[in-house]
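This is what each chain is made of:
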Amino acid sequence: ESSDVEETVRRILKSHPNVKAILRYWGIEGEYRRPRIEVLWGATPDSIVYCEYGVEFELDPASLMFCLGNKFERIRTAAMVRSWEVVVDMFAGVGQFSIPIAYHARPKKIHAIEINPDAYGFLVKNIERNRVSEIVVPHLGDCREVAKQIGQVADRVIMGYLHNTVSFLPYALDTLSSAGGIIHLHSLAVRGREGELAAKAISTAERLGYKARLLGQRVIKSYSPSKLHVAIELFAIKQ
Ligand code: SAM
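Here goes a summary of the coordinates provided. (Residues numbered from 1 in each chain as written. Predicted model: local features only at pLDDT ≥ 70, side-chain atom pairs only at ≥ 80, totals over all residues. Heavy atoms only, no water.)

## A short note on unusual backbone geometry
How we decide: Every helix listed is a DSSP run of H or I at least four residues long, and every strand listed is a run of E at least two residues long, numbered separately from the N terminus. Type-normalised accessible area, obtained with a 1.4 Å probe on protein chains alone, sets the label of each residue: buried when under 20%, exposed when over 50%, and partly exposed for intermediate values.
In this model, Arg106 sits at a positive phi of 45°, which is unusual for a non-glycine residue. Mapped onto the fold, Arg106 is located in the loop between helix H3 (98-105) and strand E6 (109-114). Judged by relative accessible area, Arg106 falls into the partly exposed class, the value being 44%. Backbone geometry at Arg131 places phi at a positive 55°, although glycine is not the residue there. Inspection of the secondary structure assignment puts Arg131 in the loop between helix H4 (117-129) and strand E7 (136-140).

## Here's the deal with the side chain of Thr204
To be explicit about the condition: Throughout, a contact is declared for two residues whenever any of their heavy atoms are within 4.5 Å.
Residue placement: Thr204 occurs in helix H7 (residues 196-207). Thr204 gets classed as buried once you look at its relative accessible area, which sits at 8%. Once residues lying within four places of it in the same chain are set aside, the contact partners of Thr204 are Val166 and Leu169.

## Thoughts on the sheet that holds E6
So the rule is basically this: Pairing between strands requires that DSSP locate at least two bridges from one strand to the other. Only C-alpha atoms enter the line fits that serve as axes; for helices the fit covers just the stretch in contact. Angles between N-to-C directions range over 0 to 180 degrees.
One open sheet accounts for seven strands, arranged E7-E6-E5-E8-E9-E11-E10; its pairing is mixed. Of all strands in the sheet, those bounded by a partner on one side alone are E7 and strand E10 (210-222). Between one strand axis and the next, the sheet turns by 20° as a mean value, whatever way the strands run. Against the sheet, H3 touches strand E5 (86-89), E6, E7 and strand E8 (156-159), its axis set at about 170° to E6. Against the sheet, helix H5 (residues 143-150) contacts E5, E6 and E7, and its axis sits at roughly 150° relative to E6.

## Topic: the nonpolar core
Worth spelling out the cut-off: The definition of a nonpolar core used throughout is a set of buried Ala, Val, Leu, Ile, Met, Phe, Trp, Tyr and Cys residues joined through side-chain atoms within 4.5 Å.
By size, the foremost hydrophobic cluster in this structure holds 32 residues, and its most contacted members are Met90, Val157, Met159, Leu169, Leu173, Ile183 and Leu185. Only H5, E8, helix H6 (169-175), strand E9 (181-190), H7, E10 and strand E11 (227-238) provide two or more residues apiece to this core. Contacts of Val157, omitting those with residues within four sequence positions, involve Val88, Met90, Ala172, Thr175, Leu176, Ile182, Ile183 and His184. With 24 residues, the next largest nonpolar core counts Phe66, Ala105, Val132 and Val136 among its residues.

## Some thoughts on H4
To keep things clear, this is the line we draw: One less than the number of residues in a helix, times 1.5 Å, gives the span that helix is expected to have. In this description, one arc is meant: the one made by directions from the helix axis to the C-beta atoms. Here a polar contact is recorded for every N or O atom pair within 3.5 Å, except that within protein the pair must consist of a potential hydrogen donor and a potential acceptor, and residues adjacent in sequence are included only if both atoms are side-chain atoms.
The terminal C-alpha atoms of H4, which comprises 13 residues, lie 18 Å apart, in line with the 18 Å expected from a rise of 1.5 Å per residue. Those residues of H4 that fall on the buried side of the exposure criterion are Ala119, Phe122, Leu123, Asn126 and Ile127. Looking straight down H4, one finds that the buried residues subtend no more than 145° of arc, so they occupy a single side. Turned more than 90 degrees off the buried face of H4, the exposed positions are Pro117 and Glu128. The opening residue of H4 is Asn116, an N-cap whose side-chain oxygen sits 2.9 Å from the backbone nitrogen of Asp118. Where H4 terminates, the next one or two residues include Arg131, which has phi positive at roughly 55°.

Function cannot be read off these values alone, since they describe shape.
This is the structure in structure tokens:
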């Protein structure tokens, strides 16, 4: 294995002689979704800039997650947003959804909420870097608290978090405007049981006095041998 790694490092240095460091990515762990990174060559950089469909994301590769497998979902989501919308991004990270939505769809407002101060710092930088500060309002805190302060303003809510996401759904519903709105709910699902998420989300919404209809669902990527990353879109309105 170690000679394979050495060979890979040699190949990268040959084809990209100006690289400052080569990092190995082992995956993501914990509530804050921190990646495990190994420096194979050079010094650990404080931050890297990653470009995707015209948008630039600055992040600390050693402590913040950025999932390349969600690339298509980010642009697909941005393409759905209309210019008159108010969007709430409950798990904003470094701006993975908020920045491309702001940049490509230019909605009225995006409330981007992030609990981890390090990720929040990069969220603020990425808002400036992509010149979307008139659209994206960053909030540092727990989305369950911040959602209450934002009030009933949302036409669309993005829930880009994979752990027990349905437990956050009541707070997402709370932010919807009186005309209702669309909730993008991401979650892990056991392979073969992907359909259960929509049923659970709809029954949660109905129990809280909302009418909810499934607009779409898809598998984003394989997460582990037994689990999939899935996303659903629900239209919900208070009855
Ligand atoms: N939404 C982006 C995506 O899907 O690519 C980034 C998501 S990252 C998986 C999830 C982010 O949610 C992390 O940055 C984490 O710190 C944040 N987070 C976790 N619990 C939170 C909470 N209760 N309120 C706000 N942010 C939270």
